Amino acid sequence: MDFAALDGHSPPVAGRSPSSDHGEGCADAPIYGRTSPAIETHESHGVPSIRESLREQGVSAEGAEIIMASWKPGTEKQYKPHIRRWAQFCHRRDIDPVNPTAPEIINFLTETFHRNVGYDSINTARGALSSLGIVVNGCRAGVHPLVIRFMRGVFNLRPTKPRYTETWDVKPVLQKLRTMYPLKSLSLKEVTLKLVMLMALTQAARVQTLHLLVLNGITIGDDFISVPLGGILKQGRPSYNIRRIKFQAYPKDASLCVCETLKCYIKATQEHRQITQLNDIKLFISFIKPHKAVSKDTIARWLRTMLNMSGVNTNTFTAGSVRPAAASKAKAMAVPIECIMAKAGWSRETTFATYYDKHIVTGTDAFQEAVLE
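Read on for a plain summary of the structure. (Residues numbered from 1 in each chain as written. Predicted model: local features only at pLDDT ≥ 70, side-chain atom pairs only at ≥ 80, totals over all residues. Heavy atoms only, no water.)

1. Focus on the overall build of the protein chain
Scanning the protein chain from N- to C-terminus turns up 15 helices and seven strands. Across the 373 residues of the protein chain, 45% fall into the buried class. When contacts within the protein chain are restricted to residue pairs at least 6 apart in sequence, long-range pairs at least 24 apart make up 68% of them. (Helix = DSSP H or I, 4+ residues; strand = E, 2+ residues; numbered from the N terminus. Buried < 20%, exposed > 50% of the residue type's maximum accessible area, 1.4 Å probe, protein only. Contact = heavy atoms within 4.5 Å.)

2. Topic: the pairing of strand S5 (residues 224–228)
Across a regular strand the side chains alternate sides, sitting on one face of the sheet and then on the other. With five of five residues buried, S5 is to be regarded as a mostly interior element. Alternating residues of S5 divide into Phe224, Ser226 and Pro228 and Ile225 and Val227, and every residue in both groups is buried. Judged from the two bridges that link them, strand S4 (residues 219–220) and S5 form a sheet pairing that is antiparallel. Following the sheet pairing, Thr219 is matched in S5 by Ser226. What sits between S4 and S5 in their antiparallel hairpin is a turn of three residues. (Pairing = 2+ DSSP bridges.)

3. With respect to the packing of aromatic side chains
Inspection of every chain in the model, using the stated rule, returns seven aromatic pairs. The interplanar angle of 50 degrees and the centroid separation of 5.5 Å between the aromatic rings of Tyr265 and Phe284 together place this pair among those described as tilted. Note that Tyr265 is positioned in helix H10 (residues 258–276) and Phe284 in the loop between H10 and helix H11 (296–309), a separation of 19 residues in sequence. Grouping residues by exposure puts Tyr265 and Phe284 together as buried. Geometrically, the ring pair formed by Phe284 and Trp302 is edge-to-face, given 6.1 Å between the ring centres and 70 degrees between the ring planes. Here Phe284, found in the loop between H10 and H11, pairs with Trp302, found in helix H11; they are 18 residues apart in sequence, far enough to count as distant. (Phe/Tyr/Trp six-rings, centres within 6.5 Å; stacked < 30°, edge-to-face > 60°.)

4. Considerations on the environment of Arg51
Residue placement: Arg51 occurs in helix H1 (residues 48–56). Sequence separation between Arg51 and Ala64 is 13 residues, and the spatial gap between their C-alpha atoms is 6.1 Å.

5. With respect to the nonpolar core
If you look at the biggest cluster of nonpolar residues, it comprises 57 residues, and the most contacted ones within it are Trp168, Leu177, Met199, Leu201, Leu210, Leu213 and Phe284. Looking at this core element by element, the count peaks at ten residues for helix H8 (residues 188–203). Not counting residues within four places of it along the chain, the set of residues in contact with Leu210 comprises Val196, Met199, Ala200, Ala205, Phe284, Ile299 and Leu303. In this structure, Leu54, Trp71, Leu132 and Ile134 belong to the second largest nonpolar core, which totals 31 residues. (Core = buried A, V, L, I, M, F, W, Y, C linked by side-chain atoms within 4.5 Å.)

6. Some words on helix H4 (residues 102–113)
Given a rise of 1.5 Å per residue, twelve residues ought to cover 16 Å, and the 16 Å separating the end C-alpha atoms of H4 matches this to within 8%. Here H4 has its buried residues at Ala102, Ile105, Ile106, Phe108, Leu109, Thr112 and Phe113. The buried residues of H4 occupy an angular sector of 160 degrees when projected down its axis, which confines them to one face. Lining the buried residues of H4 we find helix H3 (73–93), helix H5 (119–131), strand S1 (135–136) and helix H6 (145–157). (Expected span 1.5 Å × (residues − 1). Arc of directions from axis to C-beta.)

7. A look at H11
In a regular helix each residue adds 1.5 Å, so 14 residues correspond to 20 Å; H11 covers 20 Å between its end C-alpha atoms and thus fits that length. Among the residues making up H11, those that are buried are Thr298, Ile299, Ala300, Trp302, Leu303, Met306 and Leu307. Looking at the buried positions of H11, the neighbouring elements they touch are strand S3 (166–168), helix H7 (171–179), H8, helix H9 (207–212) and helix H12 (322–332). One or two positions beyond H11, positive phi appears at Gly311, with a value near 90 degrees.

8. A look at the sheet that holds S5
Pairing is antiparallel in the open sheet, where three strands are placed in the order S4-S5-S6. Sheet topology places S4 and strand S6 (244–248) at the edges, where each strand pairs with a single neighbour.

9. Some thoughts on the pattern of salt bridges
In this structure the tally under the stated criterion is four salt bridges. Where Glu111 meets Arg92, a salt bridge forms, and the shortest distance between an N and an O atom there is 2.9 Å. Note that Glu111 is positioned in helix H4 and Arg92 in helix H3, a separation of 19 residues in sequence. By relative accessible area, Glu111 is classed as partly exposed at 31%. Each of the salt bridges in this network shares a partner with another, and the network as a whole consists of Arg92, Arg93 and Glu111. (Salt bridge = Lys/Arg side-chain N within 4 Å of Asp/Glu carboxyl O.)

10. A look at the packing of H4 against H6
Packing of H4 against H6 leaves a shortest axis separation of 10 Å and a crossing angle of 20 degrees. Comparing their axes, H6 and H4 come out roughly parallel. Pair H4 / H6 crosses with right-handed handedness. Within the contact between the two elements, H4 uses Ala102, Ile105, Ile106, Leu109, Thr110 and Phe113 and H6 uses Leu146, Val147, Phe150, Val154 and Leu157. Of the residues contributing to the contact of H4 with H6, the split by class is ten nonpolar, one polar and no charged. (Axes fitted to C-alpha atoms, helices over the stretch in contact; angles between N-to-C directions. Parallel < 35°, antiparallel > 145°, perpendicular 65-115°, else oblique. Left-handed = near helix turned anticlockwise from the far one by under 90°. Nonpolar A, V, L, I, M, F, W, Y, C, P; charged D, E, K, R; others polar.)

11. Description of the side chain of Thr261
Here Thr261 shows up in helix H10. A polar contact of 2.9 Å, which involves the side chain of Thr261, links it to the backbone oxygen of Cys257. Excluding its chain neighbours within four sequence positions, the residues that come into contact with Thr261 are Leu183, Val191, Lys194, Leu195 and Leu198. (Polar contact = N/O pair within 3.5 Å; in protein donor to acceptor, adjacent residues only side chain to side chain.)

12. A few points about the environment of Met341
With respect to the element layout, Met341 can be found in helix H13 (residues 337–344). Considering only alpha carbons, one finds Met341 and Ala327, 14 residues apart in sequence, at a separation of 8.9 Å.

See the structure below:
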């Protein structure tokens with residue numbers, strides 16, 4: 001059975017970035033010890049029909065567990081309802097769920113279409129079927145010619161739409177960050193909010209990336225700080241396996257330097273970490289007692305707080321909007337697309353063009369400003 005692409009997609013990949021440009025092999029000694037951070041163990045509960053299907057086809061129990069680990073928790077969560085509906089669909093129509101015909105797959109996807117869901121949801125259902133190892137006429141379910149043609153029809157009828165058609169201007173956020181200086185005058189809350197936003201902007205980072213940062217093994221160089229990750233990034237893959245994030249110093253403007261802010265944050269939280277024994281765990285801890293490691297939702301709330309403080313409409317833009325805002329600003333400043341893709345971990349230029357390259361709302365009328373100048 002072909003398990004080369006368990007999600008049912010096998011598009012050509014272009015512009016893959018090397019996995020060594022985020023601080024691997026730094027010469028400086030880490031300030032919090034050399035022990036590698038504990039990586040979160042993948043536990044695959046749910047989607048039991050996939051495991052059962054693998055066992056029925058002769059895959060050993062150990063081999064099935066390794067294959068199950070190929071799904072990240074988010075992917076498993078997305079696939080699970082579609083696989084459950086597929087099992088129910090097959091039961092109602094007396095269909096072998098592992099050996100269906102192409103028309104039967106089309107009928108299932110059509111039933112999904114009539115649940116009034118969008119292209120992305122139907123495409124996830126297609127990937128879920130391929131994850132079961134279904135092969136029809138020598139083709140995996142997701143790439144069967146009839147299925148591909150069906151998906152093109154779905155796209156024409158219900159084209160996928162990005163969450164944002166435009167994004168906010170980074171300038172007012174930067175202006176707010178500049179006012180939060182000098183660092184020694186800030187409260188722990190203010191240092192935390194500033195650091196989270198600077199990290200998100202300078203790395204076009206997801207909330208998940210910030211949540212995975214750990215202190216153990218952090219390295220401080222002359223003009224950079226390299227921070228280990230305590231798990232696998234959402235965009236992680238064999239060709240893009242980032243284990244550390246490298247933050248570069250910004251001597252042009254100390255008030256916007258992520259490295260100086262990070263040093264201040266480490267110093268400000270050191271006493272709290274000693275009390276709660278969090279030295280070897282997450283970088284970000286709560287700025288209120290008992291100063292425990294925070295969740296992804298808390299980090300997202302911190303980003304929204306900074307956006308609101310900067311005058312960005314948080315009723316429209318969420319924490320996830322920082323990533324497209326940073327990428328769009330970089331493109332507007334003529335940063336090469338290859339550099340943007342490498343920073344954000346995108347493998348295809350179309351991903352950036354579709355979901356992250358947004359028109360920047362400045363809040364002013366450039367034409368009027370020029371006329372009235």
